[in-house]
Amino acid sequence: MAMTTTPLYFASPIPKQSNSTNPHTFSSLSSRISIAKRSSLSVRSPPQPAAAVVVAETASAVVEAEPKKTDASPPNSLPFRVGHGFDLHRLEPGYPLIIGGIDIPHDRGCEAHSDGDVLLHCVVDAILGALGLPDIGQIFPDSDPKWKGAASSVFIEEAVRLMHEAGYELGNLDATLILQRPKLSPHKEAIRANLSKLLGADSSVVNLKAKTHEKVDSLGENRSIAAHTVVLLMRK
Ligand SMILES: [Zn+2]
């Protein structure tokens, strides 16, 4: 992951979801109830001066209590959100190769501030992207010694926490790893199972593909490894 030193970004563009009804729907419903109350009171009230004052006061109080309506639905009302993640790491001798939390035997691994898990970093960015949040480098800056050598599972845990906090759960995830060597097929199921576990998702909604880079460029020359991920989040 290309960690940046950009300051932490605390603001979340997605308001925390409460378990109450969609505010937009609530507003419309409340409006309808208020109108019904006003009509009913007006119709039933006799044309006596004292009663008319009571009606006017009640109607005015109802109008003031109504929340302001906005034309656009709030972001958290979206039933689905899509996110894409990409990551690339340089491969160097003398480092472990960890993919999806699984230690893969190889003659080289990722030189990185954390454990250099290209797949987990990429999945984190896809989830953050779906939530409209900044990237992994901004949320876990490499200037913070706290993340030096950290297992990337902590980044996934945080991304999953943010996802639930925003009121979403994983619909499905599709990831593609690009590396020339080693062959990933013997490790794919272990990686998929561990990734599903970290995400708290059933493995049937977590898909993993692997490709070589046809021996061209750094990816094809065993000098780097990359990953792409697309996630679909669903409102809970
Ligand atoms: Zn990375």
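For the structure itself, look to the data block above.
Residues numbered from 1 in each chain as written. Predicted model: local features only at pLDDT ≥ 70, side-chain atom pairs only at ≥ 80, totals over all residues.

Regarding its fold elements, the protein presents 7 helices and 7 strands. What you see in the protein, going N to C, is helices and strands ordered as α-α-β-β-β-β-α-α-α-β-α-β-α-β. The burial tally for the protein puts 27% of its 236 residues in the buried class. Contacts spanning at least 24 positions in sequence make up 75% of the contacts within the protein whose residues lie at least 6 apart. (Helix = DSSP H or I, 4+ residues; strand = E, 2+ residues; numbered from the N terminus. Buried ≥ 20, exposed ≤ 12 C-beta atoms within 10 Å, placed from the backbone. Contact = placed C-beta atoms within 7 Å.)

A separate point is the packing of helix H3 (residues 118-130) against helix H5 (residues 153-165). Here H3 crosses H5 at 15 degrees, and the two axes come no closer than 9 Å. One element, H3, and the other, H5, form an angle in the roughly parallel class. When the axes of H3 and H5 are compared, the crossing they make is left-handed. Listed contacts from H5 to Leu-120, His-121, Val-123, Val-124, Ile-127 and Leu-128 of H3 are Ser-153, Phe-155, Ile-156, Ala-159 and Met-163. (Axes fitted to C-alpha atoms, helices over the stretch in contact; angles between N-to-C directions. Parallel < 35°, antiparallel > 145°, perpendicular 65-115°, else oblique. Left-handed = near helix turned anticlockwise from the far one by under 90°.)

A cis amide bond links Arg-181 with the next residue in sequence, Pro-182, at an omega value of -10 degrees. Here Pro-182 is to be found in the loop between strand S5 (168-178) and helix H6 (188-199). Positive phi values are uncommon outside glycine, yet Lys-215 reaches one of about 60 degrees. Take Lys-215: it is sitting in the loop between strand S6 (206-211) and helix H7 (217-220). Although it is not a glycine, Asn-222 adopts a positive phi angle of roughly 60 degrees. Counting through the fold element by element, Asn-222 comes out in the loop between H7 and strand S7 (224-235).

In this section: H5. Taking 1.5 Å as the rise per residue, H5 with 13 residues should run 18 Å; its terminal C-alpha atoms sit 18 Å apart, in good agreement. For H5, the set of buried residues is Phe-155, Ile-156, Ala-159 and Met-163. In an axial view of H5, the angular spread of the buried residues amounts to 100 degrees, which keeps them on one side of the axis. Buried residues belonging to H5 abut H3, helix H4 (136-139), S5, H6 and S7. Positioned one or two residues after H5, Gly-167 has a phi angle of 90 degrees, which is positive. (Expected span 1.5 Å × (residues − 1). Arc of directions from axis to C-beta.)

So, about the nonpolar core. Across soluble globular proteins, you tend to see nonpolar side chains buried next to one another. Core analysis: the biggest nonpolar cluster contains 42 residues, and Leu-119, Val-123, Val-124, Ile-127, Ile-156 and Ala-175 have the highest contact counts within it. Of all the secondary structure elements, the ones that give two or more residues to this core are strand S2 (97-99), H3, H5, S5, H6, S6 and S7. Per-element accounting of this core gives the leading share, 10 residues, to H3. Leave out the neighbours within four places in its chain, and Val-124 touches Gly-85, Ile-136, Phe-155, Ile-156 and Ala-159. (Core = buried A, V, L, I, M, F, W, Y, C linked by C-beta atoms within 7 Å.)

In this model H3 runs 18 Å from its N-terminal to its C-terminal C-alpha over 13 residues, within 8% of the 18 Å that 1.5 Å per residue would give. Counted residue by residue, H3 has 13 buried out of 13 residues, so it is predominantly covered. Directly after H3, the chain includes Gly-132, whose backbone phi takes a positive value near 75 degrees.

With that settled, consider the environment of Pro-145. Looking at the secondary structure, you find Pro-145 in the loop between H4 and H5. For Pro-145, a count of 9 C-beta atoms within 10 Å gives the class exposed. A sequence separation of 32 residues divides Pro-145 from His-113, and the C-alpha atoms of the two residues are 8.9 Å apart.

With that settled, consider the sheet that holds S7. The mixed open sheet is built from 5 strands, whose spatial order is S4-S1-S7-S5-S6. Each of the sheet's edge strands pairs with one partner strand only, and the pair in question is strand S4 (109-110) and S6. Where S5 meets S6, 6 bridges bridge the pair, whose relative direction is parallel. Note on S6: the bridge partner recorded for Leu-173 is Val-206. Contacts from H6 reach S5 and S6, with the element oriented near 140 degrees to S6. (Pairing = 2+ DSSP bridges.)

Shape descriptors only; they carry no functional weight alone.
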